[in-house]
Amino acid sequence: MGNCGVKARLLSVLDYKTEKYIVAKNHWVGLLYRLFQLFIIGYLIGWVFISKKGYQETDEAIQSSVITKLKGVSVTNTSQSGLLVWGPEDYVIPAQGEANLFVVTNSLETHNQKLGYCAESPKVPEGRCADDRDCEPGRILMTGHGVTSGRCVRREGKAPGTCEIFAWCPVEQVFKPKRPLLINAENFTIYIKNFIQFPKFQFSKSNVLDTSDESYLKKCRYDEALHPYCPIFRLGEITKRAGHNFQDMATFGGSIGIMIQWDCDLDKGYSNCHPKYHFTRLDVSPSNHTVAVGFNFRHTRYFRDAAGESYRSLFKVYGVRFNIMVHGKAGKFSIVPTVINVGSGLALMGAGAFFCDMVLLYLIKNGTSYRQRKFESSRHSKHQAHEEVDGKETEEQMF
């Protein structure tokens with residue numbers, strides 16, 4: 001008997017046990033269960049598979065290269081510089097065609113500065129003085145232009161005075177421009193060439209139209225409907241799409257973000273992967289209440305005269321900075337995410353059955369009767385045990 005008992009236990013491992021199902025004749029709970037099933041099916045088909053493409057494997061590690069080139073000419077005639085012709089080599093900084101570039105629209109110039117002694121600008125608070133004691137020799141004015149010599153220089157009819165400094169003289173005269181210098185800069189064009197690659201799928205593409213027509217890039221302008229693969233944009237059109245006027249930005253400068261978005265469904269083929277452009281201004285807050293609006297910086301040009309003395313010209317330039325950012329993802333059918341999402345949906349179906357069971361067990365009047373049929377106690381009386389044995393013998397005789 002001992003060996004038989006051990007053998008029976010070992011063989012019981014191969015038994016298949018099925019669940020016991022009870023049909024509850026409750027139409028409200030049945031309706032609730034069917035509605036829950038419909039909700040899960042709708043969620044699985046509509047949201048997971050159609051909207052989020054849960055049947056695809058995705059690659060968001062986009063590799064991108066951006067090359068830029070600007071074209072346009074402007075002519076200026078000022079009392080400081082005279083008649084000048086501005087080309088891309090003059091107003092584009094840096095000139096290497098990078099993804100971040102600065103287009104000069106305004107410029108203030110301080111000519112022929114030479115190292116020497118001169119009075120600090122009265123616009124520098126730490127450079128103001130009442131007498132020589134306020135100008136400690138050798139003190140570096142961090143917000144100023146040079147090093148103090150120890151003398152306080154008073155200008156006729158003006159108080160207070162300013163400290164004498166050793167610096168590039170004359171110091172820059174601080175004043176705000178009233179209008180842009182390059183008034184036709186909004187008609188300049190920028191050529192944005194973008195190459196992208198999704199390494200997981202070995203897929204690559206460019207935002208330039210595949211054509212053998214060499215004149216296409218010379219005459220086209222970007223249009224979302226007519227020319228989506230023309231990468232040439234007018235600067236005034238870019239700021240307009242960002243919700244601002246170029247002439248208003250040109251006086252004090254600004255920053256524009258150009259986002260290129262690639263969302264590629266590779267199941268639909270190469271021709272269905274298109275770039276989408278979004279434009280936004282980056283240097284203003286939503287309320288526009290800020291003192292930091294605009295963008296400017298200074299740079300210099302050095303030269304020597306016939307006697308060999310060094311001079312420089314200081315330029316404070318205002319302009320529009322363009323930041324080109326590329327984002328994207330690609331998706332392609334894969335059996336693994338498909339099976340995972342289908343399995344998740346089936347598991348949610350089980351949650352619906354569990355919820356309906358809780359309703360039947362605890363929220364309806366006949367819950368006790370349902371519990372007695374769903375859950376059977378393992379403790380039986382001898383009389384019940386004999387009845388079960390007799391029942392099994394009858395079943396064995398029947399089969």
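What you see is a predicted model, and the numbers here were worked out from it, not measured in a lab.

Undergrad: Got a minute to help me understand the overall build of the protein chain in this structure?
TA: Helix and strand counts for the protein chain stand at 9 helices and 16 strands. A buried classification covers 35% of the 399 residues belonging to the protein chain. A sequence separation of at least 24 residues applies to 68% of the contacts in the protein chain between residues at least 6 apart. Accessible surface for the protein chain amounts to roughly 26000 Å². Of this, 56% is attributable to carbon and sulfur atoms.

Undergrad: Please explain helix α2 (residues 27–51) as it appears in this structure.
TA: Helical geometry: 3.6 residues make up each α-helical turn, so side chains three or four residues apart lie on a common side. Between its terminal C-alpha atoms α2 stretches 33 Å, which fits the 36 Å expected from 25 residues at 1.5 Å a residue. When the local axis directions of α2 are compared, the greatest deviation, roughly 25°, occurs at Tyr43. Turning to α2, its buried residues number three or more, namely Val29, Gln37, Ile40, Leu44, Val48 and Phe49. After α2 finishes, the residue Lys53 shows a positive phi value of roughly 50°.

Undergrad: Help me understand the packing of α2 against helix α7 (residues 335–362), please; the structure alone is not making it clear to me.
TA: When two helices pack together, their arrangement is captured by the angle between the axes and the distance separating the axes. With their axes 10 Å apart at the nearest point, α2 and α7 run at an angle of 160° to one another. For the element pair α2 / α7, the angle class is roughly antiparallel. Here α2 and α7 pass one another in a crossing that is right-handed. Here the residues of the contact of α2 with α7 sort into 19 nonpolar, 5 polar and no charged.

Undergrad: Would you mind showing me how to read the environment of Asn194 here?
TA: Assignment of secondary structure puts Asn194 in strand β10 (residues 189–198). A relative accessible area of 0% means that Asn194 is categorised as buried. It is 9.4 Å that separates the C-alpha atoms of Asn194 and Pro275, two residues lying 81 residues apart in sequence. Setting aside anything within four residues of it in sequence, one finds Asn194 in contact with Ser64, Ser65, Val66, Lys205, Ser206, Asn207, Ile260, Trp262 and Val326. A polar contact is formed between the side chain of Asn194 and the side chain of Ser64, at a distance of 3.0 Å. Separated by 3.1 Å, the side chain of Asn194 and the backbone oxygen of Ser65 make a polar contact.

Undergrad: Just to check I follow, could you spell out the confidence of the model for the protein chain for this structure?
TA: Should the pLDDT be low somewhere, the predicted coordinates at that spot are not to be read in detail. When pLDDT is averaged across the protein chain, the result is 84; 86% of the residues are at 70 or more. Confidence drops under pLDDT 50 across residues 391–399; counting only partners more than four residues distant or on other chains, this segment forms 0 contacts.

Undergrad: Explain unusual backbone geometry to me, please; I cannot follow it from the model alone.
TA: With the exception of glycine, most residues fall at negative phi, and the peptide bonds are largely trans. Note that the residue after Ile93, namely Pro94, is joined by a cis bond; omega there is -10°. Structurally, Pro94 can be placed in the loop between β5 (92–93) and β6 (100–119). The amide bond that connects Cys169 to the next residue, Pro170, takes the cis arrangement and shows omega of -5°. Summarising the element assignment, Pro170 is placed in the loop between β9 (161–169) and β10. The phi angle at Asn112 is positive, at roughly 50°, despite the residue not being glycine.

Undergrad: So what exactly am I meant to see when it comes to the state of the cysteines here?
TA: Simply put, disulfide is the name for a covalent bond between the sulfur atoms of two cysteines. Tallying each qualifying case throughout the model produces 5 disulfides. In this model, Cys220 is linked to Cys230 through a disulfide, with the two sulfur atoms separated by 2.0 Å. Negative torsions about the S-S bond denote left-handed disulfides, and the value of about 80° found for Cys220 with Cys230 makes this one right-handed. Of this pair, Cys220 sits in the loop between α4 (216–219) and β12 (232–234) while Cys230 sits in the loop between α4 and β12, and the two are 10 residues apart along the sequence.

Undergrad: Is there a simple way to think about the packing of aromatic side chains in this case?
TA: What describes a pair of aromatic rings is the distance from one ring centre to the other and the angle between the planes of the rings. On inspection of all chains with the given rule, the structure shows 15 aromatic pairs. Judged by centre distance (5.4 Å) and plane angle (55°), the ring pair of Phe102 and Phe295 falls under tilted. In this pair, Phe102 is assigned in strand β6 and Phe295 in the loop between β14 (275–281) and β15 (296–304), connecting sequence segments 193 residues apart. Classification of Phe295 by relative accessible area gives partly exposed; the value is 28%. Aromatic pair Phe203 and Tyr270: ring centres 5.6 Å apart, planes at 55°, arrangement tilted. Within this pair, whereas Phe203 is found in strand β11 (residues 203–206), its partner Tyr270 is found in the loop between β13 (254–265) and β14, the two being separated by 67 residues in sequence. Among the aromatic side chains, those forming a connected cluster through ring pairs are Tyr222, Phe233, Tyr277 and Phe279. The ring of Tyr270 is capped by Lys205, whose NZ or CZ atom sits 4.5 Å from the centre of that ring. The ring of Phe315 carries the charged tip of Arg301 above its face, separated from the ring centre by 4.8 Å.

Undergrad: Honestly, the pairing of β13 in this entry has me stumped. Any pointers?
TA: Of all 12 residues that make up β13, 10 are buried, and the element is covered over most of its length. One ladder, built from 12 bridges, connects β13 with strand β16 (residues 310–333); its direction is parallel. If you follow Cys264 over to β16, its bridge partner there is Ala330. Of the strand pairs in this sheet, β13 and β14 are connected by 7 bridges, and their pairing is antiparallel. Within β14, the position partnered with Gly257 by the bridge is Thr280.

Rules used throughout
Along each chain, numbering runs from 1 in the same order as the chain's sequence is written. Local features in this predicted model are restricted to residues of pLDDT 70 or higher, and side-chain atom pairs are both shown and tallied only at a pLDDT of 80 or more, whereas totals for entire chains, interfaces and linings draw on every residue. Excluding hydrogens and water, the side-chain figures rest on all heavy atoms present in the structure. The helix and strand labels rest on DSSP assignments: H or I over at least four residues marks a helix, E over at least two residues marks a strand, and numbering proceeds from the N terminus. Between buried and exposed lies partly exposed: a residue is buried under 20% and exposed over 50% of the maximum accessible area for its type, with that area taken using a 1.4 Å probe on protein chains only. Any two residues having at least one pair of non-hydrogen atoms within 4.5 Å are treated as being in contact. Accessible surface is estimated by sampling points in the Shrake-Rupley manner with a 1.4 Å probe; for residues, cover comes only from the protein chains shown. By definition here, a helix of n residues has an expected span of 1.5 Å times n minus one. Bend, in this description, refers to the angle at a residue between axes fitted to the seven residues ending there and the seven starting there. In this description, a line fitted to the C-alpha atoms serves as the axis of each element, helices being fitted only across the stretch in contact, and the angle between N-to-C directions of two axes falls anywhere from 0 to 180 degrees. Between 65 and 115 degrees an angle is taken as roughly perpendicular, under 35 as roughly parallel, over 145 as roughly antiparallel, and anywhere else as oblique. Definitions for this section: a left-handed crossing has its near helix turned counterclockwise from the far helix by less than a right angle. A right-handed crossing has that turn clockwise. Here the term charged refers only to Asp, Glu, Lys and Arg, the term nonpolar to Ala, Val, Leu, Ile, Met, Phe, Trp, Tyr, Cys and Pro, and the term polar to all other amino acids, Gly among them. Under the rule applied, a polar contact is a pair of N or O atoms within 3.5 Å (in protein, one hydrogen donor and one hydrogen acceptor; residues adjacent in sequence only if both atoms are side-chain atoms). Known as pLDDT, the predictor's confidence for each residue is given on a scale from 0 to 100. For the purposes of this analysis, a disulfide is any pair of cysteine sulfur atoms at a distance within 2.5 Å. Classification of ring pairs uses Phe, Tyr and Trp, with its six-membered ring standing for Trp, and accepts pairs whose centres are within 6.5 Å; under 30 degrees between planes counts as stacked, over 60 as edge-to-face, and the remaining range as tilted. As a reminder, the over-ring test applies to NZ of lysine and CZ of arginine, requiring each to be within 6 Å of the ring centre and within 35 degrees of the ring normal. What makes two strands pair is DSSP finding at least two bridges between them.

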